[in-house]
Amino acid sequence: MPDTTIINVRGRRVWDSRGRPTVEAEVHLACGASGRAIAPAGASRGTREAVDLRDAGGLGVSAAVANINGAIAGALAGMNAATQEEIDRAMIALDGTPNKARLGANATVAVSLAVLQATARAHQLPLFLYLADGRPIRLPLPEIQIFGGGAHAGRRIDIQDLMVMALSAGTFDEALEMTARVYQAAGELMRDSGRLHGVADEGGWWPEFASNEEAIETLLRAIERAGFVPGDEIAISLDIAASEFGAGGGYRLGLDGKSLDSDGMCDLVIGWLARYPIISVEDPLAEDDREGMMRFTAAVGDQVQIIGDDYLTTSAARVRDAITDRACNAVLLKPNQCGTVSETRAALDLAKAAGWGCIVSARSGETEDVSIVHLATGWDAGQLKVGSFARGERMAKWNEALRIEEMLGARARFAGRGALPLKNSY
Ligand code: PGA
Ligand code: ZN
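Residues numbered from 1 in each chain as written. Chains lettered and ligands numbered in written order. Predicted model: local features only at pLDDT ≥ 70, side-chain atom pairs only at ≥ 80, totals over all residues. Heavy atoms only, no water.

Caption draft 1: Up close: the sheet that holds strand S15 (residues 382-388). Sheet architecture is closed into a barrel: eight strands sit in the order S5-S6-S7-S11-S12-S13-S14-S15, paired in mixed fashion. The sheet shows a mean angle of 25 degrees between the axes of neighbouring strands, direction not considered. As paired elements, strand S14 (residues 357-361) and S15 share four bridges and run parallel to each other. Within S15, the residue paired with Cys358 across the bridge is Gly382. Sheet contacts for helix H12 (residues 371-378): S14 and S15; angle to S15, the most-contacted strand, approximately 160 degrees. In the packing of helix H13 (residues 392-408) onto the sheet, contacts are made with strand S5 (141-148) and S15, and the angle to S15 comes to roughly 155 degrees. (Pairing = 2+ DSSP bridges. Helix = DSSP H or I, 4+ residues; strand = E, 2+ residues; numbered from the N terminus. Axes fitted to C-alpha atoms, helices over the stretch in contact; angles between N-to-C directions. Contact = heavy atoms within 4.5 Å.)

Laid out in structure tokens, this is it:
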């Protein structure tokens, strides 16, 4: 067995895909192995997320980096990196707040992931194989953005992500090839109508639309133009991110000039489900609208995947409540929403045990770090959300999954539509 005692933890400032500072951690072990990871950053964050520590008056991360080089390095030196839960518990105890406000979740998540990376290296295994620990491995069904919106496109439209899922793909490689065709077709539609204006934060086409529904309609036409049968071969997935325009039971759709109550918002999305081949909806109601989420799930939870992102914030406690409430049927897992690998894993375990869908997700502010691809694969989450099909920080993740699929060879299995928590349709 390699000596996985931690001998050094270092933090440094690096930069993310929006040109903003973020935190990288590097962990060195006694056996000579080391691991590195970078914290991502969200733009449409749930209010209950763990806190990203930023310097007063700006986006600087000098305090978060100093916490890694000081308190965290001190606490972790001499600990065994192979005991991930103990490492994460030590950081949680050192932080002492309910939301990582003291150390910063950007500091803790970078260290937590770097510890995991270093341990896999010490065992001379790719991270996904280390995590799988001999269990069968499935490549996740990718959820890939075609149009970006909401907070990722200057609020040009209200819906945040218009995505596709290649349901008929037999492999991850094929899913990407199918998505590439839809992405190109969508770009051509925008070009032909004089509305091509580059891309939003996650690489999806800039959403130059007259209404939210026109965006969905255009995505449907892009799927058809690419030669696929909508709903059968390729289905639509939406992240409404309703907390960005709704609170206290009121919703204001700026582009449509509509103000709706919770029932009205439910009905609006249910109308879209009736008219378009939508297989998955994320945060259809706001993070504070528990009743709305329960009503929505009761109405359509047997036909579509209903994902809690801002609603659940990768919190095992909130997942447990939502299982009891029947307020969703899937969880989005973003390690920096809770701040450690172990807490992310706890949320996944609960959701899986309930038969929920599990989607490991990037943030809108990303880097070349590909750890989440290994988490999705090694933990057999079943689904992966990374943004669009453009920009290096997105492609780095899709390409890493291709390498994993190739490495597995004949052993590679693809989760496909079986990853969706739907027994009655599709
Ligand atoms: P964020 O949004 O990373 O900007 O918070 C992503 C999402 O809502 O899924
Ligand atoms: Zn979301």
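Caption draft 2: Layout of the side chain of Ser262. Its location among the elements puts Ser262 in helix H7 (residues 262-275). Looking at Ser262, its side chain comes within polar contact range of the side chain of Asp289, at 2.7 Å. (Polar contact = N/O pair within 3.5 Å; in protein donor to acceptor, adjacent residues only side chain to side chain.)

Caption draft 3: Structural view of the site of ligand 1. Lining the immediate environment of ligand 1, one finds 13 residues, of which Ala43, His152, Gln160, Arg363 and Ser364 sit closest. In this structure, an oxygen atom belonging to ligand 1 sits 3.3 Å away from a side-chain N or O atom of Lys334. Looking at the shell around ligand 1 residue by residue, the class counts come to two nonpolar, five polar and six charged. Looking at which domains feed residues into the shell around ligand 1, each of domain 1 (6-124) and domain 2 (138-419) supplies at least three. (Near = heavy atom within 4 Å. Nonpolar A, V, L, I, M, F, W, Y, C, P; charged D, E, K, R; others polar. Domains from an automatic or database assignment.)

Caption draft 4: Here's a closer look at the side chain of Asp325. Looking at the element boundaries, Asp325 is found in helix H9 (residues 316-325). Not counting residues within four places of it along the chain, the set of residues in contact with Asp325 comprises Arg290, Met294 and Tyr311.

Caption draft 5: Region of interest: the packing of aromatic side chains. A full pass over the atoms with the stated rule returns five aromatic pairs. For the ring pair Phe172 and Phe414, a centre distance of 6.5 Å and an interplane angle of 80 degrees mean the geometry is edge-to-face. Of this pair, Phe172 sits in helix H5 (residues 172-192) while Phe414 sits in strand S16 (residues 413-414), and the two are 242 residues apart along the sequence. By relative accessible area, which is 14% here, Phe414 ends up buried. Between Tyr183 and Trp205, the ring centres sit 4.6 Å apart and the planes meet at 15 degrees, which makes this aromatic pair stacked. With Tyr183 in helix H5 and Trp205 in the loop between H5 and helix H6 (212-225), this residue pair connects regions lying 22 residues apart in the sequence. You'll find Tyr183 and Trp205 in the same group, each marked buried. One aromatic cluster is present, built from ring pairs that chain together Phe172, Trp398 and Phe414. (Phe/Tyr/Trp six-rings, centres within 6.5 Å; stacked < 30°, edge-to-face > 60°. Buried < 20%, exposed > 50% of the residue type's maximum accessible area, 1.4 Å probe, protein only.)

Caption draft 6: Fine view of the coordination of the zinc ion (ligand 2). At this site the zinc ion (ligand 2) is bound by Asp239 (OD), Glu282 (OE) and Asp309 (OD), with donor distances of 2.0 to 2.2 Å. In primary sequence terms, the donor set of the zinc ion (ligand 2) follows D-x42-E-x26-D. With a gap of 70 residues between them, Asp239 in strand S7 (residues 234-239) and Asp309 in the loop between strand S12 (305-308) and H9 connect regions that are remote in the sequence. Asp309 matches Asp239 in its accessibility class, with the two residues each being buried. (Donors = N, O, S within 2.8 Å, 3.2 Å for Na, K, Ca; no water.)

Caption draft 7: Molecular detail of the pattern of salt bridges. Per the stated rule, a full pass over the model turns up 28 salt bridges. Across the salt bridge formed by Arg12 and Glu24, the nearest N and O atoms sit 2.5 Å from each other. Remark: Glu24 occurs in strand S2 (residues 21-29) and Arg12 occurs in strand S1 (residues 6-15); sequence separation between them is 12 residues. You can call Arg12 partly exposed: its relative accessible area is 24%. Given the relative accessible area of 8%, Glu24 is considered buried. When the shortest N-O distance is used, the salt bridge between Lys385 and Glu282 registers 3.1 Å. Of the two residues, Lys385 sits in strand S15 while Glu282 sits in strand S11 (residues 278-282), which places them 103 residues apart along the sequence. (Salt bridge = Lys/Arg side-chain N within 4 Å of Asp/Glu carboxyl O.)

Caption draft 8: Spatial organisation of the nonpolar core. Formed by 135 residues in total, the largest nonpolar core has its most connected members in Leu76, Val182, Met265 and Trp272. Split by domain, the residues of this core number at least three in each of domain 1 (6-124) and domain 2 (138-419). Each residue touching Leu76, except ones within four places of it in the same chain, is listed here: Ile6, Val9, Ile87, Ala90, Met91, Val111 and Val115. (Core = buried A, V, L, I, M, F, W, Y, C linked by side-chain atoms within 4.5 Å.)

Caption draft 9: Just the packing of helix H2 (residues 84-95) against helix H3 (residues 105-122), in detail. The interhelical angle for the contact between H2 and H3, taken along N-to-C directions, is 160 degrees, at an axis separation of 10 Å. On the basis of the axis angle, H2 is roughly antiparallel to H3. For H2 against H3, the interelement crossing comes out right-handed. Between H2 and H3, the residues in contact are Gln84, Ile87, Asp88 and Met91 and Thr108, Val111, Ser112, Val115 and Leu116, respectively. The class makeup of the residues in the contact of H2 with H3 is five nonpolar, three polar and one charged. (Parallel < 35°, antiparallel > 145°, perpendicular 65-115°, else oblique. Left-handed = near helix turned anticlockwise from the far one by under 90°.)

Caption draft 10: Fine view of unusual backbone geometry. Although it is not a glycine, Thr314 adopts a positive phi angle of roughly 50 degrees. Within the secondary structure layout, Thr314 lies in the loop between S12 and H9. Owing to a relative accessible area of 1%, Thr314 belongs among the buried residues under this scheme. With phi around 75 degrees, Arg391 is a residue other than glycine that occupies positive phi space.

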